[in-house]
Amino acid sequence: MITHILHYPGGLTEPLELVSEGPGRVFIRRNGEIVVAQADTWRRLVQSGSVREVGHG
């Protein structure tokens, strides 16, 4: 799994783990639960710098 940090306005952060990535969806562990996001939305967050990769777990 790859650990990412989600950056909120005002300096708040939240750790996320990218569990699995498919053609149209990504599965993310957030607050201990698995959530699904659209792959294009996830890519936009990463490209914008709002989500940054910090390491492999």
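Residues numbered from 1 in each chain as written. Predicted model: local features only at pLDDT ≥ 70, side-chain atom pairs only at ≥ 80, totals over all residues. Heavy atoms only, no water.

1. Re the environment of G49
- You can see G49 is positioned in the loop between α1 (39-48) and β5 (51-56).
- Look at G49 and you get partly exposed, because its relative accessible area is 22%.
- In this structure the C-alpha to C-alpha distance between G49 and L6, which are 43 residues apart in sequence, comes to 8.9 Å. (Helix = DSSP H or I, 4+ residues; strand = E, 2+ residues; numbered from the N terminus. Buried < 20%, exposed > 50% of the residue type's maximum accessible area, 1.4 Å probe, protein only.)

2. Looking at the sheet that holds strand β4 (residues 33-38)
- Here we have five strands laid out as an open sheet, ordered β4-β3-β2-β1-β5, and antiparallel in their pairing. Taken across any chain shown, the strands that pair with only one partner, and hence form the sheet edges, are β4 and β5. Sheet twist, expressed as the average angle between the axes of neighbouring strands with direction ignored, equals 35°.
- In the sheet, strand β1 (residues 2-7) pairs with strand β2 (residues 13-21) via six bridges, with the strands oriented antiparallel. Looking at the pairing, H4 lines up with L16 of β2.
- Here α1 sits on the sheet in contact with β1, β2, β3 (25-30), β4 and β5, set at roughly 90° to β4. (Pairing = 2+ DSSP bridges. Axes fitted to C-alpha atoms, helices over the stretch in contact; angles between N-to-C directions. Contact = heavy atoms within 4.5 Å.)

3. Brief notes about the pairing of β4
- Pairing between β3 and β4: six bridges, direction antiparallel. In the sheet register, I28 faces β4, and the bridge partner there is V35.
- Where β3 folds back on β4, the antiparallel hairpin that results is connected by two residues, among which N31 adopts a positive phi of roughly 55°.

4. Thoughts on unusual backbone geometry
- Backbone geometry places N31, a non-glycine residue, at a positive phi of 55°.
- In this fold, N31 is placed in the loop between β3 and β4.
- Residue N31 is classed as exposed on the basis of its relative accessible area, which comes to 64%.

5. Side note on the nonpolar core
- Counting eight residues, the largest nonpolar core is built from L6, L16, L18, V26, I28, A39, W42 and V51.
- Elements represented by at least two residues in this core include exactly β2, β3 and α1.
- Ignoring anything within four residues of it in the chain, the contact list for L18 reads M1, I2, H4, V26, F27, I28 and W42. (Core = buried A, V, L, I, M, F, W, Y, C linked by side-chain atoms within 4.5 Å.)

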